[in-house]
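Analysis of the macromolecular model
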Amino acid sequence: MRGRPLAGLLLAGAAGLGAFALLAPDAPPATVVLASGARPAPSPVLQMIGLAAPISAEPTPATAVPSDAAAEASLLARLATLREAALPELEAFARRWPGRAAAVYEALASRWAQQRLHLSALQALARAPLDEAARARLRQQLLDHWADTAPDQAARWALAGGETAQLGPLQDRWLHQDARSAALFATQLPPGDVRQALLEEGLSRWLAQDGPGGRDWLRATAPSAELDAWLARYAASDELAREAPAEALDLVARISAPERRWAAWQALAGHLHDIDPAQAAAWLSRAPGLTPMERQQLIDGLR
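Residues numbered from 1 in each chain as written. Predicted model: local features only at pLDDT ≥ 70, side-chain atom pairs only at ≥ 80, totals over all residues. Heavy atoms only, no water.

Let us now look at the environment of Asp300. As for its position among the elements, Asp300 is in helix H18 (residues 292–301). Along the sequence, Asp300 and Ala281 sit 19 residues apart, while their C-alpha atoms lie 9.1 Å from each other. (Helix = DSSP H or I, 4+ residues; strand = E, 2+ residues; numbered from the N terminus.)

Below you can see the structure in the form of structure tokens.
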């Protein structure tokens, strides 16, 4: 009789273990994935007893990766306030997003040009990680703007940096604004073809705008062989003989080469005779620098 209760307990225990084995599989169940790819929400009971993580009120966002547009906007804002100090960030941006680099540098150059920071913009372009075609295009746009707004600064920059190819276009814009200053700038250039061309063009434009002022400068300047050819054409011209014959005589006398000066005297004498034959001899009698024999030779040549 006593064995029966014990046996019954053993049978009950075996039944309980069997049931537990049926309820607890050897491997954890596979994760259920919804059609949308999201995991199902865990049971509130499992959350309460600590077998599942509680769901936060708001999902944790993924780490934000800045887009090129957002990075560009932020960078332009920093460039506006930090200027040169933000250039390393700009260069890093250009390397990361090369497709946007030219547009950002163009925006920078335009903004700095409006602020008259042309030199800083040129320096930024010089170190920019751009292809050479884009760099050359932006550089030329910047130089054109600089030439329109401050051509004297641009020309002096070109001279100091040995940018002789840029001097012609820069001086041309300068001549439209201040021919006198542009012409005098040409006298500071080193000797050579560039100086000769810019000096002659500058003087021609200056005299066309302010003849008396330009001629005053010529008369105050020591005779120069580099100006002989140009001065012979200008001083012995029919136009100047009609406009200011006395000044034409003074300028011909300033030609340094004797042969060229004599040819200019002959040309001027012929223009004076064509203008007023009765007064030509009187004008030539006042010509400076001529010997009596030369003066008479010119007058006799008019007959």
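Bringing the nonpolar core into the picture now. Tyr105 and Leu268 are the most contacted members of the largest nonpolar core, which has 78 residues in total. Looking at this core, the element that brings in the most residues is helix H5 (residues 98–114), giving seven residues. Setting aside residues up to four positions removed in sequence, Leu268 forms contacts with Ala235, Ala236, Ala241, Ala248, Leu249 and Val252. (Core = buried A, V, L, I, M, F, W, Y, C linked by side-chain atoms within 4.5 Å. Buried < 20%, exposed > 50% of the residue type's maximum accessible area, 1.4 Å probe, protein only. Contact = heavy atoms within 4.5 Å.)

On to unusual backbone geometry. The phi dihedral of Arg116 falls on the positive side, at around 60 degrees, and the residue is not glycine. By the element assignment, Arg116 lies in the loop between H5 and helix H6 (118–126).

For the rest of this paragraph, the subject is the packing of aromatic side chains. Using the criterion set out here, one finds five aromatic pairs in the structure. Centroid distance Phe93 to Trp97: 5.1 Å. Interplanar angle 55 degrees. Geometry classified as tilted. Consider the rings of Trp174 and Phe185, whose centres lie 5.2 Å apart with planes at 50 degrees: the pair is tilted. One end of the pair, Trp174, is in helix H9 (residues 164–177); the other, Phe185, is in helix H10 (residues 179–186), and 11 residues separate them in sequence. Residue classification places Phe185 among the buried positions, given a relative accessible area of 2%. Above the face of the Trp283 ring, Arg286 is positioned so that its terminal group lies 4.6 Å from the ring centre. (Phe/Tyr/Trp six-rings, centres within 6.5 Å; stacked < 30°, edge-to-face > 60°. Lys NZ or Arg CZ within 6 Å of the ring centre and 35° of its normal.)

Okay, the confidence of the model for the chain next. When pLDDT is averaged across the chain, the result is 80; 77% of the residues are at 70 or more. Every residue in residues 56–65 is under pLDDT 50, and counting partners more than four places away or in other chains gives one contact. (pLDDT = per-residue confidence, 0-100.)

Take Glu91: it is sitting in helix H4 (residues 87–96). Its relative accessible area of 10% is what places Glu91 among the buried residues. Once residues within four sequence positions are removed from consideration, Glu91 is found in contact with Tyr105, Arg127 and Pro129.

Another aspect to go through is H10. By the criterion of burial, H10 is predominantly enclosed, with six of the eight residues buried. Within H10, the full set of buried residues consists of Ala179, Ala182, Ala183, Leu184, Phe185 and Ala186.

Enumeration over the complete set of coordinates arrives at one cavity of 30 Å³ or more. Roughly 80 Å³ of volume is contained in the largest cavity. Looking at which element gives the most residues to the lining of the largest cavity, the answer is helix H13 (residues 225–235), with three residues. Residues that form the lining of the largest cavity fall into these classes: five nonpolar, two polar and two charged. (1 Å grid on protein atoms, 1.4 Å probe; cavity = no way out; pocket = protein on both sides within 12 Å on 5 of 7 lines; lining within 4 Å. Points joined across faces, edges and corners; volume = space filled by probe spheres on them. Nonpolar A, V, L, I, M, F, W, Y, C, P; charged D, E, K, R; others polar.)

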